[in-house]
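Survey of secondary and tertiary structure
Next come the chains, spelled out residue by residue.
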Amino acid sequence: MDLGLRGKVAIVTASSRGIGKGVARVMLQEGARVMLFARSIDELKNTALELSRETGGDVAYVQGDLTNRDDVMRLIEETRRVMGPIDVLVYNTGPPKPGLFSELTFDDWDYAVKLLLLSAVWLTKGVVNDMVKRGWGRLIYVTSLTLRQPISNLVLSNTVRLSLAGLVKSLANEYGPKGITANGVMQGYVMTDRVRKLAEDEAKRSGVSIEEVLRSMAKDIPVGRYGNPEEIGYLVAFLASDKASYINGSMILIDGGFVKCVP
Ligand code: NAD
């Protein structure tokens, strides 16, 4: 199936590694032109080089922090300057600080609201007018399964990310008539550096091997394994395509069956 993404300009945030990088890889394989955004310039350089060699696609990057509004606006201006008007926004973030309610400070909450909500608002404000002018656009928000099933030590994610479901529905209503769809992705466990690091920490704490920790974490996933970042990318690429034009205002779970409740 040709997704028709050839030549479309896509911003993918938090994309120097992990899920964002997997999404960028698939979008490039589909012929989209991709602007990466993350905090580490060295990682961005390496990722852009790797993806460009591997896919032969048009990939560039802007260094910046999602919690800084000026950086986000610079990303949008730079993308327009280098690649032209933005067709697709793939919003992904760095992970929020883990912790129980009793462990989190007011500053942690302020930061999480910037990282997990305000950055989405800034990005959307920045790109949506281009899309309205052209009568076509795709707004895709990569969030977490915590929107469906809270995880006990991820209180910031459980709470702040829920607002993205409200944002997606509001945007779907307002911009659907203008040819723009807004959808969210709620991914479950995906094998990235972050998950490896969490497993390493747990292994140290509990005195078992990393492999054992990973195996025990995967036990509750009916398909019996973690997802890989490209599997999130395939869903995102489909949502970005014309083929997904009747999907609007949806939050889509992609978790190997981990969440057991009926939607
Ligand atoms: P990761 O640590 O592997 O990658 C995070 C990326 O975000 C990196 O490119 C990093 O440079 C970038 N980043 C971090 N903070 C940033 C900031 N303030 N501004 C700009 N860029 C920033 O993480 P991941 O596993 O790919 O997770 C991506 C997102 O998905 C996170 O929000 C995470 O909480 C969420 N998530 C991950 C999983 C999983 O199993 N991996 C499951 C559910 C939700």
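Criteria and thresholds
Position numbers for residues count from 1 along each chain, tracking the sequence in the order it is written. Under the rules for a predicted model, residues below a pLDDT of 70 receive no local features and side-chain atom pairs below 80 are neither given nor counted, while totals for whole chains, interfaces and linings still include all residues. Think of the side-chain values as coming from all heavy atoms in the structure, minus any hydrogens and water. UniProt positions are given in the numbering used here, feature names are shortened, and annotations may be inferred rather than shown by experiment. Only buried Ala, Val, Leu, Ile, Met, Phe, Trp, Tyr and Cys residues count toward a nonpolar core, and they belong to the same one when joined by side-chain atoms within 4.5 Å. For the exposure calls, accessible area comes from a 1.4 Å probe over protein chains only, and a residue counts as buried if that area is under 20% of its type's maximum, exposed if over 50%, partly exposed in between. To qualify as a helix, a DSSP run of H or I must reach at least 4 residues; to qualify as a strand, a run of E must reach at least 2; elements of each kind are numbered from the N terminus. For this analysis, residues touch if any pair of their heavy atoms sits within 4.5 Å. Being near a molecule or strand, for a residue, means having at least one of its heavy atoms within 4 Å of it. The definition of a polar contact used here is a pair of N or O atoms within 3.5 Å, where within protein one atom must be able to donate a hydrogen and the other to accept one, and adjacent residues in sequence count solely through side-chain atom pairs. Computed by Shrake-Rupley with a 1.4 Å probe, the accessible areas treat only the displayed protein chains as cover when residues are assessed. Only Asp, Glu, Lys and Arg are considered charged in this grouping, and only Ala, Val, Leu, Ile, Met, Phe, Trp, Tyr, Cys and Pro are considered nonpolar; every other residue, Gly among them, is considered polar. An automatic or database domain assignment supplies the start and end points of every domain. One side-chain nitrogen of Lys or Arg within 4 Å of one carboxyl oxygen of Asp or Glu is enough to make a salt bridge.

- In the annotation of an unreviewed UniProt entry, the entry for the protein reads Short-chain dehydrogenase/reductase SDR, and the organism field reads Caldivirga maquilingensis.
- Entered under Sequence similarities (unreviewed entry) in the UniProt record, the comment concerning the protein runs "Belongs to the short-chain dehydrogenases/reductases (SDR) family."

1. Re the nonpolar core
- Ile 11, Leu 89, Leu 123, Val 127, Leu 139 and Tyr 141 are the most contacted members of the largest nonpolar core, which totals 40 residues.
- Here this core takes nine residues from helix 4 (residues 106-134), the largest share from any one element.
- In contact with Ile 11, not counting residues within four places along its chain, are Met 35, Leu 75, Ile 76, Thr 79, Ile 86, Val 88, Leu 89, Val 90 and Val 127.
- In terms of nonpolar packing, the next biggest core, distinct from the first, is built from 31 residues, Ala 32, Ala 38, Leu 44 and Ile 140 among them.

2. Some remarks on the site of the ligand
- For the ligand, the set of nearby residues contains 28 residues, the closest of which are Ser 16, Ile 19, Leu 66, Val 190 and Thr 192.
- Separating an oxygen atom of the ligand from a side-chain N or O atom of Thr 93 is a distance of 3.0 Å.
- Within the backbone of Val 190, an N or O atom sits 2.8 Å from an oxygen atom of the ligand.
- In isolation the ligand offers 830 Å² of accessible surface; the protein chains occlude 95% of this area.
- Elements represented by at least two residues in the shell around the ligand include exactly helix 1 (18-29), helix 4 and helix 7 (193-206).
- Of the residues belonging to the shell around the ligand, the class tally is eleven nonpolar, twelve polar and five charged.
- Structurally, the shell around the ligand is a two-domain feature, drawing no fewer than three residues from each of domain 1 (9-188 + 229-253) and domain 2 (191-226).

3. Quick word on the pattern of salt bridges
- For the structure shown, the criterion picks out 16 salt bridges.
- Between Arg 25 and Glu 50 there is a salt bridge whose closest N-O contact spans 2.9 Å. Of this pair, Arg 25 sits in helix 1 while Glu 50 is found in helix 2 (residues 41-55), placing the two residues 25 residues apart along the sequence.
- Exposure remark for Arg 25: the relative accessible area of 13% places this residue in the buried category.
- Its relative accessible area of 34% is what places Glu 50 among the partly exposed residues.
- The residue Asp 71 makes a salt bridge to Arg 74 at a minimum N-O spacing of 3.2 Å. Of this pair, Asp 71 and Arg 74 both sit in helix 3 (residues 69-83), separated by three residues, roughly a single helical turn.

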